[in-house]
Each structure stands twice: as C-alpha cells, then as structure tokens.
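Each chain, written out:
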Amino acid sequence: MLNDLSVNNHKIDNEPEKALCVGLNITSNKNSSDVNIEDSMAELKELVLAAGAEVVGEVIQNRSYIETSTYLGSGKIEEIKIYAESLDATMIVFNDELSGAQIRNIENIIGKKIIDRTILILDIFAQRALSKEGKLQVELAQLKYRLPRLYGMGGQMSRTGAGIGTRGPGEQKLEKDKRHILNRAAVIRKELKQVVKNRDIQRSQRSKNKIPIVALVGYTNAGKSTILNEIIKTHPDYEREKEVFTKDMLFATLDVTLRKASLPNKKEFLIVDTVGFVSKLPHDLIDAFKATLEEVLYADLILHVIDSTNSSSNIQKTTTESVLKDLGADDKKTITVYNKIDKLDLDIYPKNHDDLVYISAKKGINMDKLMNLIQNCLMENTYKVNLLLPFDKGNIFNLIKEKYHIDEFEYTEKGIDLVVSLDEEDYNLYKEYIKIK
Ligand SMILES: Nc1nc2c(ncn2[C@@H]2O[C@H](COP(=O)(O)OP(=O)(O)OP(=O)(O)O)[C@@H](O)[C@H]2O)c(=O)[nH]1
Ligand SMILES: [Mg+2]
C-alpha cells in the first residue's frame, strides 16, 4: 500500500497511512475548462481513500505560478511541515505530478514521505490490477515514471528501506538500477505484445461473426459496470456469475470485460466495460493501457456514461472526451448516457434525444429507452427484407440463421419465406431473393 514507489516507508502495519493533501490553485491564465480547485481536491481525497490511506488535512495555496524547485513557495512548505507534524501525518500528497528534484527538495524540508498525484493513481492501479495484462501495464507505467526520477531524486527512489537523511546509493548503483528498469520494461513490452496478438486473434474471430460491439466509457464511478450488469440480463445465457464488480470507489474496474447481451429485437451484441478515467490521468498510464483501451477503437458504438449528480460532470465529460481523442476514438458513434438520475430527485426527467438518454442503472429507470437507442444505432445500416429462398438454397438460410436473428420464417410451397434485417454487404449479396409481392 502506497509504498511501492515511495521514498521512505514509515507505515506501521495495519494502520492506515495519514495523508495531508496539498493543492496549488494557479491564479493566472485561468481557463473556464480548468477543474476548480475544490472539486480537484475533493477528487484527490477520494483517490487517497481509494489507495487505502486516511485524509487528515488539506492545504491549498493560491499562487500565480509554480515554484520550480519546491512546487509551492518555500514559506508555504515550511508551514506545511509544522501543520503535518501537528496532524501526525505520515505523508504529504500533492495534487499534481512533481519532478524528482521537487520531491527531493520538499522531502528535505518536511522530512516526510512525499507522494504526487501520479504515484497515487499508479498505486491504486497496482493494487487493483487483477489480470496479467493489467498488472504488466501498471508496472510498465510505474517504471516509466521512475526512470527520469532516478537521478533527480539523488537515488532515493532506488533506495530500499532507508530512513530519512540516509544518503542515496552511488552512481554505480544508479546505473545498475537504470539498467534493471530498462531491461524489465523491455520484458514487459514483449509480454504485452503477445497479449495484444492473442486479442487480435479473438477480435478477428468476432468481426468474422459480425457481432456488433458496444463499449462503455466514462469517468471513474459513473456507473459503467452497473450498466453492464443490467444490460447483460437481456441475454438468454445470462447468469449472475457473469456480472462484474461495482463499487462506490474510484477505479473499481481496471480490466476490460466483454459480455454478451441482446437487443430488443433479440439480435446479439457484445458489451465492453472499460477502465474509468480521472482528471490528470498520468500519460504513462494512458500509454500503458492503450492496448486495453483499444477495444474502444473496435467498438461499433460508444456509450459515454456520465454521473449526472456530480458537480463537475461537465469537466468529467470533457476529460473523457479528451482521452477518447487521444486514443483516436473521438469520431465513433456515441450515445451520451446520463446515469444516476434517481439521485436528482426530479419530478419530470429531462427529455431524451437520439444520442442522449437519462437513466438510472441502479433503479432501472429508462433502461428500455437506452436499449432502444442502442438498437437504433446498431441497426442504422441494416435493411429489413422479406426473402424467399428456394429449397436448394438451404445453405444461404443456414448462413443467415447463424449470423442474424430471423424475425419470421415459414416453409412455403415455393421455398423458405423469411423476414430479417441484413447488413449492407449481405443485403447486396442476397437481394435477388427479395420476395416480390
Ligand atoms: N444512485 C445510483 N447509484 C448508482 C447508479 N449506477 C451506479 N451507481 C453506484 O455508483 C457506484 C459506482 O458504480 P460502478 O458501476 O462501479 O461505476 P464505474 O463507472 O464502473 O466505476 P469504475 O469502475 O471505478 O470506473 C456504485 O456504488 C453503484 O452502485 C444509479 O443509477 N443510481
Ligand atoms: Mg467499473
């Protein structure tokens, strides 16, 4: 817990670490899209809790610029030292990513463990990752974070179990550490490549079967997994064991999960749950998780889930959109799903649109509307036809039956009479059999 990358480890077992959260409110060049400091600090505290530590206090400094050497002004750092002592804090958590030199300088003044937002997020991911792929991806991100800080921190990053004030290892040890990190990163990259290859095989199998894919994306805790658990109930093979883990905490889901579901017209599709986003999500982490998040790129439709009760839902929406853009998935067909409307206490729910719906996954409000929207989007490029297949074309009937849900069919004197919605390719292939009335 929070010690994987930490400088000193004063933690007494079983007792949660006590965090003093520190934020910088940059007062110059404010952008309307900037997250306001209160919301950002509230999120930082949630992250601390998610990492398994306790929050004992908060300090915000308003300042027009970042101090290169100590991030905050040195006077403020001195104040924080005294405050941290009085609170008996075991670590100071900064709301931004710090450089190695900044961490070292601040630690030298305060004499306590310094954690930045990136280490914190990486630590949560490290604790939560279950799959081999997830674990490798987090480790790669951790190594990438650590490498440029090895020298900047005077070796403290590579020190194991050393106390405050102990000098770091010599250059030779650092060189060894650096080589070790680079070697390990190379091994992980190779292993991840293999995982990606396996996934490509599965993916090409799926696209051969033309099962449409719907991906759930959005800010962490928006309710993606809860929606998946509701949607999979539509499938005849649904079992409780197929449900995924949901919890009121940040980053409950780290692994991509694919499950079968059925549209109202009974056609099968796959629904994908993905890792949630958070503002200032470390770039190394996005990079490391790109392979996992690539599932989103192969989706036919994205459900962008937003917690409608969150005071910074707009900022959360923009954050998700910018990560999607980063991934190259910003031009995908998308339905915006405002979730948790049961908590809004409204008499009349806002009007739904073609690409926007207000739901409560937990209370089952408007789930039917969501399913209809998904169906409309997935069936947009399909053609509902009435075919009459001569009896010697039974093989075509079998092909269609395998791939589509057949709305109606009947054996007649002239052949098999059926109604089905075909995609464009099959429509062109079989249009000669369209029944002429
Ligand atoms: N009141 C209310 N709570 C909801 C609703 N949907 C989900 N929740 C709760 O919100 C919390 C987070 O839900 P999850 O489904 O785990 O959220 P997620 O988007 O998968 O989160 P991550 O996996 O962390 O990215 C859980 O405590 C859910 O029970 C809803 O419609 N109404
Ligand atoms: Mg989840």
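In this report, we go over the structure that sits alongside the text.

About the criteria used
Residues numbered from 1 in each chain as written. Chains lettered and ligands numbered in written order. Predicted model: local features only at pLDDT ≥ 70, side-chain atom pairs only at ≥ 80, totals over all residues. Heavy atoms only, no water. Near = heavy atom within 4 Å. Polar contact = N/O pair within 3.5 Å; in protein donor to acceptor, adjacent residues only side chain to side chain. 1 Å grid on protein atoms, 1.4 Å probe; cavity = no way out; pocket = protein on both sides within 12 Å on 5 of 7 lines; lining within 4 Å. Sits in = over half its atoms within 2 Å of the grid points. Helix = DSSP H or I, 4+ residues; strand = E, 2+ residues; numbered from the N terminus. Nonpolar A, V, L, I, M, F, W, Y, C, P; charged D, E, K, R; others polar. Points joined across faces, edges and corners; volume = space filled by probe spheres on them. Patch = residues over 30% accessible without salt bridge, like charges linked within 9 Å, V, L, I, M, F, W, Y side chains within 5 Å. Areas by Shrake-Rupley, 256 points an atom, 1.4 Å probe, with all protein chains shown as cover. Salt bridge = Lys/Arg side-chain N within 4 Å of Asp/Glu carboxyl O. Lys, Arg positive; Asp, Glu negative; His and termini not counted. Charge placed at Lys NZ, Arg CZ, Asp CG, Glu CD. Donors = N, O, S within 2.8 Å, 3.2 Å for Na, K, Ca; no water. Buried < 20%, exposed > 50% of the residue type's maximum accessible area, 1.4 Å probe, protein only.

Re the site of ligand 1
Here comes step 1: In the region of ligand 1, 23 residues are neighbours, and Lys224, Thr226, Ala252, Thr253 and Asp342 sit closest.
Here comes step 2: With respect to ligand 1, the backbone of aspartate 248 contributes an N or O atom lying 3.2 Å from an oxygen atom.
Here comes step 3: In the model, an oxygen atom of ligand 1 is placed 3.1 Å from a nitrogen or oxygen of the lysine 340 side chain.
Here comes step 4: Here ligand 1 occupies the largest pocket.
Here comes step 5: Among the elements that take part in the shell around ligand 1, helix 8 (residues 224–231) stands out by supplying three residues, more than any other.
Here comes step 6: Tallied by class, residues from the shell around ligand 1 come to six nonpolar, ten polar and seven charged.

Considering empty space enclosed by the protein
Here comes step 1: Evaluation of the coordinates by the stated rule reveals one cavity of 30 Å³ or more.
Here comes step 2: Its volume calculated, the largest cavity comes out at about 60 Å³.

Observations concerning a negative patch on the surface
Here comes step 1: Taken together, the side chains of Glu15, Glu54, Glu85 and Asp88 make up a negatively charged region of the molecular surface.
Here comes step 2: Of note, glutamate 54 is situated in strand 2 (residues 54–63).

A few points about the coordination of the magnesium ion (ligand 2)
Here comes step 1: Only Ser225 (OG) and Thr253 (OG1) from the protein reach the magnesium ion (ligand 2) as donors, at distances of 1.9 to 2.1 Å. Taken together, the positions of serine 225 in helix 8 and threonine 253 in the loop between helix 8 and strand 6 (257–262) put the pair 28 residues apart, joining distant regions of the chain. Side by side, serine 225 and threonine 253 carry an identical accessibility label, which is buried.

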